[in-house]
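Chain by chain, the residues:
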Amino acid sequence: MDFIFDLMGRFHPLIVHLPIGFLLLGLMMLIFDRKENKHQKIIRFTFFWGTFSSLAAVLTGTIQYTREGYPWEDIQGHLILGVLTFVFSFLMYLKLKGYAFFKRISYQFLGYALVVILSITGHLGGNLTHGKDHLSAPLPDEIKQVLGLEVPSRTLVLHPETHRELPFYSGVIQPILDQKCVSCHNPKKTKGELLLHNFKGIMIGGEKGSIISIIKPEESEMLKRIHLPRDEKKHMPPKAKIQLSKAEIKLIEQWVSMGTPENKTIAELRLSQSFFSSFFPKDETGIYPDPVLDPLDKSVIDSLMAMGLQVAPLYKTASLLKISAINFPDFDDQKAVVLLKALDHIVDLDLGQTQVTDAIFEVIQQFKYLTVLKLNRTAISGNGINKLNNLEHLKQINMINSNFEAVHLEEMYSFPALEKVYLFGTSANQSTEEIPDQFQPIFERGNYKLDEDVEENL
Ligand code: HEC
């Protein structure tokens, strides 16, 4: 029967549109009817359904939150405002009913409050489903700057596997300059008599001569300018313009300190991948490590897929893998041995809804780059989970609706990188196990404390 709740949760994105419609219609009718006051009854009817549907939205939303492992920090604003939408809609309904108490609260107050609350709730909800920059992404960078929004550096995207073959200057440095400097330092508009649109221009320098010092690279005018405090008049790019990111500054610094090589590739210059990783295309979370690994043999990937596992590369060309047994309900501890063929390549492993048991930890402990582990709806009790404490990248474990037992919580305290453990729907929910303060934020248990008299009735 559990699936009914999951299903109800999934309806949330649909149901939320009902209160929006009802409440907006109700508010519009209130304005329309404000002089004659002839349509109170139908307006009340609209707010009745607005109230009812916002309650349904709150309930389905809460189900979705608890069952699908959304972190509380992400949804708190949306949830609280959702509840407020319901409350204000109900107050409006009661006022329309003519209760004397509500005479003192004006329609204007309730109306404006509803518009504000409803808009913000909807906006936050949209952010949850479509991502934070959903609305702002199409705006031109200039407008984003005025609004104080983050301006993403769109032009430079590097691929984890192929970037090493690029010439450092033309593949990385010049694209950065093109984006942040060339609008003022080009043949048409040559501020400071300096050209930055090609290698020659950079080498020639500006009105005060060379901007690169070969003898003391760290004292180069180019570096001095980008390091000056942003408020300083000589800071580059000027304070009103889109600034260089920290990663970009590091790269320019590196290039100058290496003597501004023109044609050498990143591989030839033996530059560490860490300089470039912030320019790799972001996966959903950007939490994965970036070891330099040879891609896994295609025949191995094929054999895993032939078994029924889903195997997907993390980045288009990279060697790290996401493996999921989501369509493989018979997958069990014995079958898991095949995963050892992809030992170093697995960073995201989903064994939810399979037959695996605690014995699986024996296998999993060998996946040294494993970052996300999902064991939802399995018979895992957590016995032996301490074996994973050598996994230096393991950040997230999902064990929603598994048999996880609270006694094994403390075995995870020593995990070096752990950030979140989702335990909704496990007995760890009800457990009184005291988690020390510093580990509290890691464990999402859905700590709903029931009143004692409610508990007695269950
Ligand atoms: C909005 C226009 C603008 C942008 C964008 C801009 N600059 Fe400038 N830059 C100027 C102006 C104006 C001057 C001349 C005044 C001064 O020296 O501060 C100048 C001067 C310089 C000079 C000194 C040249 C000399 O010989 O005196 C350097 C070096 C420089 N810019 C580097 C950069 C770099 C690097 C970037 C990109 C990260 C950049 N600028 C982006 C407007 C800009």
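Residues numbered from 1 in each chain as written. Predicted model: local features only at pLDDT ≥ 70, side-chain atom pairs only at ≥ 80, totals over all residues. Heavy atoms only, no water.

What to know about the environment of Leu-320
Within the fold, Leu-320 resides in the loop between strand S1 (310-313) and strand S2 (321-324). As for Leu-320 and Gly-209, which are separated by 111 residues in sequence, their C-alpha atoms are 47 Å apart. When residues no more than four places from it in sequence are discounted, the contact partners of Leu-320 are Pro-289, Pro-291, Leu-293, Ala-312, Pro-313, Leu-314, Asp-344, His-345 and Val-347. (Helix = DSSP H or I, 4+ residues; strand = E, 2+ residues; numbered from the N terminus. Contact = heavy atoms within 4.5 Å.)

Quick notes on the site of the ligand
Lining the immediate environment of the ligand, one finds 19 residues, of which Cys-181, Cys-184, His-185, Arg-225 and Met-236 sit closest. One of the side-chain nitrogen or oxygen atoms of Arg-225 is found 2.8 Å away from an oxygen atom of the ligand. (Near = heavy atom within 4 Å. Polar contact = N/O pair within 3.5 Å; in protein donor to acceptor, adjacent residues only side chain to side chain.)

With respect to the domain arrangement of the chain
For the chain, the assigned domains read domain 1 (2-135), domain 2 (163-279) and domain 3 (298-456). The distance between the C-alpha centroids of domain 2 and domain 3 comes to 44 Å. (Domains from an automatic or database assignment.)

Re the packing of helix H5 (residues 72-97) against helix H6 (residues 107-130)
Where H5 meets H6, the closest approach of the two axes is 8 Å, and the angle between their N-to-C directions is 150 degrees. As the angle between them shows, H5 and H6 are arranged roughly antiparallel. Here H5 runs over H6; the crossing is left-handed. Here the residues of the contact of H5 with H6 are counted per class, giving 17 nonpolar, eight polar and two charged. (Axes fitted to C-alpha atoms, helices over the stretch in contact; angles between N-to-C directions. Parallel < 35°, antiparallel > 145°, perpendicular 65-115°, else oblique. Left-handed = near helix turned anticlockwise from the far one by under 90°. Nonpolar A, V, L, I, M, F, W, Y, C, P; charged D, E, K, R; others polar.)

Description of the coordination of the iron atom of the ligand
Only His-185 (NE2) and Met-236 (SD) from the protein reach the iron atom of the ligand as donors, at distances of 2.0 to 2.2 Å. Judged by relative accessible area, which is 9%, His-185 ranks as buried. (Donors = N, O, S within 2.8 Å, 3.2 Å for Na, K, Ca; no water. Buried < 20%, exposed > 50% of the residue type's maximum accessible area, 1.4 Å probe, protein only.)

Focus on unusual backbone geometry
Cis geometry is adopted by the peptide bond preceding Pro-237, which originates at Met-236 and carries an omega value of -10 degrees. Along the chain, Pro-237 falls in the loop between helix H10 (221-227) and helix H11 (246-257). Even without being glycine, Arg-377 reaches a positive phi, approximately 50 degrees. One can find Arg-377 in the loop between strand S4 (372-374) and strand S5 (396-398).

A few points about the nonpolar core
If you look at the biggest cluster of nonpolar residues, it comprises 47 residues, and the most contacted ones within it are Leu-349, Ile-364, Ile-397, Met-399, Met-412 and Phe-443. Going through the elements one at a time, helix H12 (298-307), S2, strand S3 (346-350) and helix H13 (360-364) are the ones with two or more residues in this core. Considering every element that reaches this core, the biggest residue donor is H13, with four residues. Not counting chain neighbours up to four residues away, the residues in contact with Phe-443 comprise Leu-409, Met-412, Tyr-413, Val-421, Leu-423 and Ile-435. Counting residues in each nonpolar core, the second largest holds 31 residues, with Tyr-169, Leu-194, Ile-202 and Leu-244 among its members. (Core = buried A, V, L, I, M, F, W, Y, C linked by side-chain atoms within 4.5 Å.)

A short note on the pattern of salt bridges
The final tally for this structure, using the stated rule, is 11 salt bridges. Between Arg-67 and Asp-6 there is a salt bridge; the shortest N-O distance is 2.6 Å. Of the two residues, Arg-67 is situated in helix H4 (residues 40-67) and Asp-6 in helix H1 (residues 2-10); the sequence distance between them amounts to 61 residues. Look at Arg-67 and you get buried, because its relative accessible area is 19%. (Salt bridge = Lys/Arg side-chain N within 4 Å of Asp/Glu carboxyl O.)

Description of the packing of aromatic side chains
Throughout the structure, instances matching the rule amount to 17 aromatic pairs. When the ring of Phe-88 is compared with that of Phe-109, the centres are 6.2 Å apart and the planes differ by 55 degrees; the resulting orientation is tilted. Of this pair, Phe-88 sits in helix H5 while Phe-109 sits in helix H6; the two residues are 21 residues apart in sequence, bridging distant segments of the chain. Owing to a relative accessible area of 15%, Phe-88 belongs among the buried residues under this scheme. Assessed through its relative accessible area of 48%, Phe-109 is described here as partly exposed. Ring geometry for Phe-275 against Phe-276: centres 6.2 Å apart, planes inclined by 65 degrees, an arrangement best described as edge-to-face. Taking relative accessible area as the criterion, Phe-276 reaches 0% and is therefore assigned buried. One aromatic cluster is present, formed by Phe-48, Trp-49, Phe-52 and Tyr-93 through successive ring pairs. (Phe/Tyr/Trp six-rings, centres within 6.5 Å; stacked < 30°, edge-to-face > 60°.)

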